[in-house]
Amino acid sequence: MTRPPLQVVARPPARWAVRCAYAVPWMILPTALWRLPFAFGFSMGMVDPSAPPWAWWAVPYTLGLIVVIEVLAVLTVGLVEPWGETVPRWLPWVGGVRADPRVVAAAAAIGGLAFSVLWISDLIRWLLGDRVEFSSGWWETIALVGLLTHVAWGPLLLAVTVDYWRRHRAD
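Since the structure is predicted, the reported quantities are computational estimates derived from the model, not experimental observations.

Definitions and cut-offs
Residues numbered from 1 in each chain as written. Predicted model: local features only at pLDDT ≥ 70, side-chain atom pairs only at ≥ 80, totals over all residues. Heavy atoms only, no water. Patch = residues over 30% accessible without salt bridge, like charges linked within 9 Å, V, L, I, M, F, W, Y side chains within 5 Å. Areas by Shrake-Rupley, 256 points an atom, 1.4 Å probe, with all protein chains shown as cover. Salt bridge = Lys/Arg side-chain N within 4 Å of Asp/Glu carboxyl O. Helix = DSSP H or I, 4+ residues; strand = E, 2+ residues; numbered from the N terminus. Buried < 20%, exposed > 50% of the residue type's maximum accessible area, 1.4 Å probe, protein only. Expected span 1.5 Å × (residues − 1). Bend = angle between axes of the 7 residues up to and from the residue. Contact = heavy atoms within 4.5 Å. Axes fitted to C-alpha atoms, helices over the stretch in contact; angles between N-to-C directions. Parallel < 35°, antiparallel > 145°, perpendicular 65-115°, else oblique. Left-handed = near helix turned anticlockwise from the far one by under 90°. Nonpolar A, V, L, I, M, F, W, Y, C, P; charged D, E, K, R; others polar. Phe/Tyr/Trp six-rings, centres within 6.5 Å; stacked < 30°, edge-to-face > 60°.

Q: Please clarify how a nonpolar patch on the surface should be interpreted in this entry.
A: A contiguous nonpolar surface patch, about 620 Å² in accessible area, is contributed by V67, V68, V71, L72, V74, L75 and W83. By the element assignment, V68 lies in helix α2 (residues 58-77). Judged by relative accessible area, V68 falls into the partly exposed class, the value being 47%.

Q: When you look at helix α1 (residues 15-39) in this model, what are you seeing that I'm missing?
A: In an α-helix there are 3.6 residues to a turn, and that puts residues three or four apart on one side. Taking 1.5 Å of rise per residue, 25 residues should cover 36 Å, and α1 covers 38 Å from first to last C-alpha, within 8% of that figure. The sharpest bend along α1 reaches about 30 degrees and sits at A23, with the proline P25 one to four residues further on. Structurally, α1 contributes buried residues whose contacts are with β1 (46-47), α2, α4 (137-151) and α5 (153-168). Trailing α1 by a residue or two, G41 shows a phi angle of about 85 degrees, which is positive.

Q: Which parts of the structure should I look at to understand unusual backbone geometry?
A: Glycine aside, the phi torsion of most residues is negative, and most peptide linkages are trans. Phi is positive for M44, which is not a glycine, with a value near 55 degrees. With respect to the element layout, M44 can be found in the loop between α1 and β1. The class of M44 is buried, set by a relative accessible area of 7%. For W93, which is not glycine, the phi dihedral falls at a positive 70 degrees. By the secondary structure assignment, W93 is in the loop between α2 and α3 (101-127). A residue is classified by how much of its surface remains accessible, and W93, at 81% relative accessible area, is exposed.

Q: What should I look at first to understand the packing of α1 against α4 in this one?
A: Axis angle and axis distance: for two packed helices, these are the angle between their axes and the distance between the axes, and together they describe the pair. The N-to-C vectors of α1 and α4 enclose an angle of 140 degrees; their axes lie 7 Å apart at closest approach. What the angle tells us is that α1 and α4 run oblique. Relative to α4, the crossing made by α1 is left-handed. When α1 is examined against α4, the residues M27, I28, P30, T31, W34 and R35 are found in contact with a partner set consisting of I142, A143, G146, L147, T149 and H150. The residue makeup of the contact of α1 with α4, split by class, is seven nonpolar, four polar and one charged.

Q: Which parts of the structure should I look at to understand α4?
A: Taking 1.5 Å per residue, 15 residues should reach 21 Å; α4 reaches 21 Å between its end C-alpha atoms and fits that length. Taken residue by residue, α4 has A143, G146, L147, T149, H150 and V151 as its buried positions. Turning to α4, the residues buried within the fold contact α1, α2, α3, β2 (133-134) and α5.

Q: It is not clear to me how the packing of aromatic side chains should be interpreted in this structure. Could you clarify?
A: Between two aromatic rings, the relevant description is the distance of the centres plus the angle of the planes. Applying the stated criterion across every chain yields a total of seven aromatic pairs. Seen from their ring centres, W34 and F38 are 4.9 Å apart, and the 70 degrees between their planes marks the pair as edge-to-face. Taken together, the positions of W34 and F38, both in helix α1 and four residues apart, correspond to about one turn of that helix. W34 gets classed as buried once you look at its relative accessible area, which sits at 17%. Taking the centre distance of 5.5 Å and the plane angle of 15 degrees together, the rings of W119 and W153 count as stacked. Taken together, the residues W119 in helix α3 and W153 in helix α5 connect sequence positions 34 residues apart. For the residue pair W119 and W153, the accessibility class agrees, reading buried in each case. Members of the aromatic cluster, connected to one another through ring pairs, are F115, W119 and W153.

Take a look at the structure:
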């Protein structure tokens, strides 16, 4: 079966949207790096007497979580690149089909809202003092930097989604 060539939207994304989309995977990286030592039982300066002891499944769980989050972050780039316009060809039955802009925009908007609510509420709780203790201010600062980079993901995804929707509205 011959598939039609990939169709790309003629209207390019705004320059600011491209910058925001490409910033997202890099902004998520500090949190991923901060989580990595937890997989191997290193507490990253957290003082939590109720923390469970290290378990073997912490390594695959943490590595899997890091991979899933980074893959989701890279999908933000798909909102501004041609490869985000069609379903990947390697997927059976639907590969090479143009993605429905309404579905893409809805999924991105739901994700952006969910990330915003989740991580902005985490930041608010942090600022109100609802957090674990740290053995030093340096560890606390490192944890806060990881949290702050995550907080930006939701709003940036929503902004890029608005640009995506504007470009695809007439399709």
